[in-house]
Amino acid sequence: MPEISLFYGIRITMNWDEHNPPHFHVEYAGFKAVVSILECVIMRGAIPNRQLKMVLAWTVIHQDELMQNWELARMKKPLNRINPLI
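Residues numbered from 1 in each chain as written. Predicted model: local features only at pLDDT ≥ 70, side-chain atom pairs only at ≥ 80, totals over all residues. Heavy atoms only, no water.

1. Overview of helix α2 (residues 63–74)
For α2, with 12 residues, the first-to-last C-alpha span of 17 Å sits near the 16 Å given by 1.5 Å per residue. Considered for burial, the residues of α2 that qualify are L66, N69, W70, L72 and A73. What you see down the axis of α2 is that its buried residues fit within an arc of 165°, all on one side. Next to the buried residues of α2 lie β1 (3–7), β3 (23–28) and α1 (49–61). (Helix = DSSP H or I, 4+ residues; strand = E, 2+ residues; numbered from the N terminus. Expected span 1.5 Å × (residues − 1). Buried < 20%, exposed > 50% of the residue type's maximum accessible area, 1.4 Å probe, protein only. Arc of directions from axis to C-beta. Contact = heavy atoms within 4.5 Å.)

Quick look at the structure:
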């Protein structure tokens, strides 16, 4: 799964062959979650609350870039890196 961003130990990845709705994967310290790009909510899994708040803020900030990557992934094209939360 290609990594598209990494910040504060939070790894963000997106698969090339995914199903709708648009989403990405989050890993942090052994926790895993799937986050909806359009709704900015966890669809499955869990991560600690502090990291969840950071991921959701990052999602809102980069929603357009995430959707561009989603479309690239669906076309099996290389994904773009997205700036980390700083």
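2. Description of α1
Counted at 1.5 Å a residue, the expected span for α1 with its 13 residues is 18 Å, and the 18 Å between its end C-alpha atoms agrees. Three or more residues of α1 are buried, namely Q51, L52, M54, V55, W58 and T59. One side of α1 holds all its buried residues, which, seen down the axis, span an arc of 165°. Away from its buried face, by an angle of more than 90 degrees, α1 presents the exposed residues R50, K53, V60 and I61. On its buried face, α1 sits against β1, β2 (10–13), β3, β4 (31–36), β5 (42–46) and α2.

3. Looking at the pattern of salt bridges
Going through the model one piece at a time under the given rule, you end up with 3 salt bridges. The salt bridge involving E3 is made with R81; its shortest N-O contact spans 3.2 Å. With E3 in strand β1 and R81 in the segment after α2, the pair connects residues that are 78 residues apart, well separated along the chain. For R81, a relative accessible area of 51% corresponds to the exposed category. The closest approach of N and O atoms between R11 and E27, which form a salt bridge, is 3.5 Å. Pair noted here: R11 is in strand β2 and E27 is in strand β3, with a separation of 16 residues, a long-range link. (Salt bridge = Lys/Arg side-chain N within 4 Å of Asp/Glu carboxyl O.)

4. Considerations on the side chain of T59
One can find T59 in helix α1. When residues no more than four places from it in sequence are discounted, the contact partners of T59 are F24, V35, S36, I37, C40 and L66.

5. A word on the sheet that holds β1
With respect to topology, 5 strands assemble into an open sheet ordered β1-β2-β3-β4-β5, the strand pairing being antiparallel. The sheet terminates laterally at β1 and β5, the two strands that pair on one side only. Neighbouring strand axes in the sheet, compared pairwise and without regard to direction, differ in orientation by 15° on average. Across 6 bridges, β3 lies against β4 in antiparallel orientation. Within β4, the residue paired with F24 across the bridge is V35. (Pairing = 2+ DSSP bridges. Axes fitted to C-alpha atoms, helices over the stretch in contact; angles between N-to-C directions.)

All quantities given are derived from atomic positions and should not be read as evidence of function.
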